[in-house]
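Below, each chain spelled out in residue letters.
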Amino acid sequence: MPTIVGSLRRHVLAPSWQEVGFPARGFPAAASAAARRLEAIPQAVVCGFEWGIDSCDLSEAEHRLALVDPYLRGFAYEGATMAFTIRDAMSMFRTSRTRDLLLGPGRPHIFLNYIGIGFAMARLPRATWRRILPELSGMPYHPTMSWLAVDGYGFDLAYLDVERWVGRGERPRPYPWAGAPDYFLRAVDQGVGRALWFIHGARPDDVTTAIGRFAGERQADLWAGVGLAATFAGGCDPAGLVTLRRHAGGHRSHLAQGTVFAARARTFSGAVPPYTEDTVAALTSLSVAAASALADEVAVGGIPAERADPPYEVWRRRVRSRLASQPAGAPES
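### Observations concerning helix H14 (residues 252–269)
Step number 1: If you check H14, its first and last C-alpha atoms are 26 Å apart, about what 18 residues at 1.5 Å a residue would give, namely 26 Å.
Step number 2: When you tally the buried positions in H14, you get 14 out of 18 residues, the bulk of the element.
Step number 3: Residue Gly 270 follows H14 closely and has a positive phi angle near 85°.

### Describing the environment of Met 139
Step number 1: Its location among the elements puts Met 139 in the loop between helix H7 (110–121) and helix H8 (147–160).
Step number 2: If near-sequence neighbours (up to four positions away) are discounted, Met 139 is found in contact with Leu 102, Leu 103, Arg 107 and Ile 110.

### Looking at the environment of Val 192
Step number 1: Examined against the element boundaries, Val 192 turns out to sit in helix H10 (residues 181–199).
Step number 2: Since its relative accessible area comes to 4%, Val 192 is described here as buried.
Step number 3: Ignoring sequence-local partners within four residues, the contact set of Val 192 consists of Gly 154, Phe 155, Ala 158, Val 166, Phe 214 and Leu 222.

### Considerations on the pattern of salt bridges
Step number 1: The tally for this structure, following the rule as stated, stands at 17 salt bridges.
Step number 2: In this structure, the salt-bridge partner of Arg 322 is Glu 297, at a minimum N-O distance of 2.8 Å. Of this pair, Arg 322 sits in helix H17 (residues 311–324) while Glu 297 sits in helix H16 (residues 288–297), and the two are 25 residues apart along the sequence.
Step number 3: According to the relative accessible area criterion, Arg 322 is partly exposed, its value standing at 29%.

### With respect to the side chain of Arg 126
Step number 1: Looking at where Arg 126 falls in the secondary structure, it is placed in the loop between H7 and H8.
Step number 2: Notably, Arg 126 is buried but unbridged: the nearest opposite-charge side chain belongs to Glu 170, and the N-O separation is 11 Å.
Step number 3: At a separation of 3.1 Å, a polar atom in the side chain of Arg 126 contacts the main-chain carbonyl oxygen of Pro 174.
Step number 4: Arg 126 has contacts with Tyr 153, Pro 172, Arg 173, Pro 174, Tyr 175 and Phe 184, leaving out every residue within four places of it along the chain.

The rules behind these values
- Residues numbered from 1 in each chain as written.
- Predicted model: local features only at pLDDT ≥ 70, side-chain atom pairs only at ≥ 80, totals over all residues.
- Heavy atoms only, no water.
- Helix = DSSP H or I, 4+ residues; strand = E, 2+ residues; numbered from the N terminus.
- Expected span 1.5 Å × (residues − 1).
- Buried < 20%, exposed > 50% of the residue type's maximum accessible area, 1.4 Å probe, protein only.
- Contact = heavy atoms within 4.5 Å.
- Salt bridge = Lys/Arg side-chain N within 4 Å of Asp/Glu carboxyl O.
- Lys, Arg positive; Asp, Glu negative; His and termini not counted.
- Polar contact = N/O pair within 3.5 Å; in protein donor to acceptor, adjacent residues only side chain to side chain.

As structure tokens, then:
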């Protein structure tokens, strides 16, 4: 059952259901089926947050999250992870709600759970950031994939304050996440790119125009974020995907890299929507299975740093390199 303290945290720390809707944010109205599906995603995040911030224990949150459509459940877990991260950070005692969630029922959604930690970062003092990432020994992709938390932080900034972070192109102060302050802003931009997919209602022409307004050195990471969002969230028909890939131009490999990560996140969760196959094929010329296998083939834990880049960027670069070596043509099976 909800608690008084939990209800207060919910009202203070998170936007309401209405506030994340497209009309309230000034995004393309949810008149089309594609836009309505996209709009349901931030609403699922809010549901997960409200259940996580109000719930007295993990079991209660788990049972509520199980009611969410399987294809949206990962987004609800984003919200629950955000809530548990905030509760752990605000606790007077050393608590491990987030760790228990991620190693327990949230395990299939680990990629999106990191993003939920990033949503919490947007609401917590930076002084707390150094201790909000739980130790997840034995969890695949940890801690390499924890950069998705910074991606989530960037998404949250851009989605909730478009004028500042997109319109004026402002950037937050760097932070030594995983000991790599120089990479922090790049990971933020990957999240901003994901947000652009929602802000512009999955319309390739509008997304491309928006990216073009950013400084040139930021555009590759923005395109990677677009690839991840287009693949995991969907919202674009086959013709639009062809347009998106064409518009990416010299950043096509970055768009495809984001697509590969999204394909692996979907297969890892066990919930792969029907549109995913067509999206991955259009943006990478691979099948979902082949894209997922590629991500694992060039990943593995403990990748040594190359040219001072964090392992996460090494992984991304290896994906791009492998994609560049693939012959153009029909998707691989």
